[in-house]
Amino acid sequence: STTFDGITLLNMNTTLFYHPQYQPTEAECLAIEQQVHVFNNTTDTISASKYLVILHHLCLLTDQMAGKEMSLSTIFHYAHPELLVSCTQQATFEALLYPKLLAVQERGVQVILVSGDLGQRAKSFEFKTPEGLIFLGSGINNSCGKTSPPEWVSNFDPDQILLFELTEGTLDWKFVELGEM
């Protein structure tokens, strides 16, 4: 993670997460556990930042965390809450890491998770949990072509990107069409 201008930025490689049936190699487990270690160090020690922004690819929001308000599989390309995030603890994001984010939020640091696994079904995504955590998503898919698209691509509206702006210590964001840049 890195910290600048009141923002702690953490990049998570969610492609390391794995299905319960899969047996990760020793090298994969080392990378997975290193990521959990960085995540824990960041969430355990963050104090001076106003924001914790986590960049990731796969959907981390679950139906349970969203209060069953939406069908995540109609928004994200790959929404699988059963993926395990640790080899040693055999736990999901919701069970192992999400409680740490709730604790960060409770300490007054705004937690914002930014997913990139969108574009095929939804062009943008914004959701705030009852606890105040913010989930954002943006993705691009229109480069795959419209003549014979893959079956998982169902949205050919203009692609949108997510822009952040930090003004006087306040982080704002907006979605804009890719062509409007």
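This structure is a prediction, so every number in the text was calculated from the model and none was measured. (Residues numbered from 1 in each chain as written. Predicted model: local features only at pLDDT ≥ 70, side-chain atom pairs only at ≥ 80, totals over all residues. Heavy atoms only, no water.)

Q: I'd like to hear about the sheet that holds strand β6 (residues 134–138), residue by residue, with values.
A: Spatially, β1-β2-β3-β4-β6-β5 is the arrangement adopted by the 6 strands of the open sheet, whose pairing is mixed. Edge positions in the sheet fall to β1 (2–4) and β5 (124–128), since each has one partner strand and no second. Across the sheet, the mean angle from the axis of one strand to that of its neighbour is 20°, orientation sign disregarded. Strand direction decides the pairing type here: β5 and β6, joined by 5 bridges, are antiparallel. Looking at the pairing, Ser124 lines up with Ser138 of β6. Docked against the sheet, helix α1 (residues 26–45) engages β2 (7–11) and β3 (51–56), running at close to 165° with respect to β2. (Pairing = 2+ DSSP bridges. Helix = DSSP H or I, 4+ residues; strand = E, 2+ residues; numbered from the N terminus. Axes fitted to C-alpha atoms, helices over the stretch in contact; angles between N-to-C directions. Contact = heavy atoms within 4.5 Å.)

Q: So what's going on with the side chain of Thr43? Which residues, and what values?
A: Take Thr43: it is sitting in helix α1. Among all residues touching Thr43, those that are not within four sequence positions of it are Leu52, Lys100, Leu101, Val104 and Arg107.

Q: Can you tell me about the environment of Glu106, naming the residues and giving the values?
A: Following the sequence through the fold, Glu106 ends up in helix α2 (residues 93–106). Glu106 sits in the exposed class, given a relative accessible area of 69%. Between the alpha carbons of Glu106 and Leu133 there is a distance of 10.0 Å; along the sequence they are 27 residues apart. (Buried < 20%, exposed > 50% of the residue type's maximum accessible area, 1.4 Å probe, protein only.)

Q: Please provide a residue-by-residue account of the state of the cysteines, values included.
A: Overall, the coordinates contain 1 disulfide when judged by the stated rule. Bridging Cys29 to Cys87, the disulfide has an S-S length of 2.2 Å. When the S-S torsion is -90°, as for the bridge of Cys29 with Cys87, the disulfide is left-handed. One end of the pair, Cys29, is in helix α1; the other, Cys87, is in the loop between β3 and α2, and 58 residues separate them in sequence. Like Cys87, Cys29 is buried. (Disulfide = S-S within 2.5 Å.)

Q: Which residues make up the pairing of β2, and what values go with them?
A: With 3 bridges joining them, β1 and β2 adopt antiparallel strand pairing. Looking across to β2, one finds that Thr2 is bridged to Leu9. Pairing analysis gives 5 bridges linking β2 to β3, with the strands arranged parallel. Within β3, the position partnered with Thr8 by the bridge is Leu52. Read as a crossover between parallel neighbours, the route from β2 over α1 to β3 is right-handed. (Right-handed = clockwise from strand over helix to strand, strands pointing away.)

Q: Describe the nonpolar core, naming the residues involved and giving the relevant values.
A: Core analysis: the biggest nonpolar cluster contains 35 residues, and Leu52, Leu61, Phe93, Leu101, Leu113 and Phe135 have the highest contact counts within it. Among the secondary structure elements, those contributing two or more residues to this core are β3, α2, β4 (110–115) and β5. In terms of residue count, the dominant contributor to this core is α2 (7 residues). Excluding its chain neighbours within four sequence positions, the residues that come into contact with Phe135 are Leu60, Leu61, Met65, Tyr98, Leu113, Phe125, Glu126, Phe127 and Thr129. Grouped together as the second largest cluster of nonpolar side chains are 9 residues, Tyr51, Val53, Val114 and Leu136 included. (Core = buried A, V, L, I, M, F, W, Y, C linked by side-chain atoms within 4.5 Å.)

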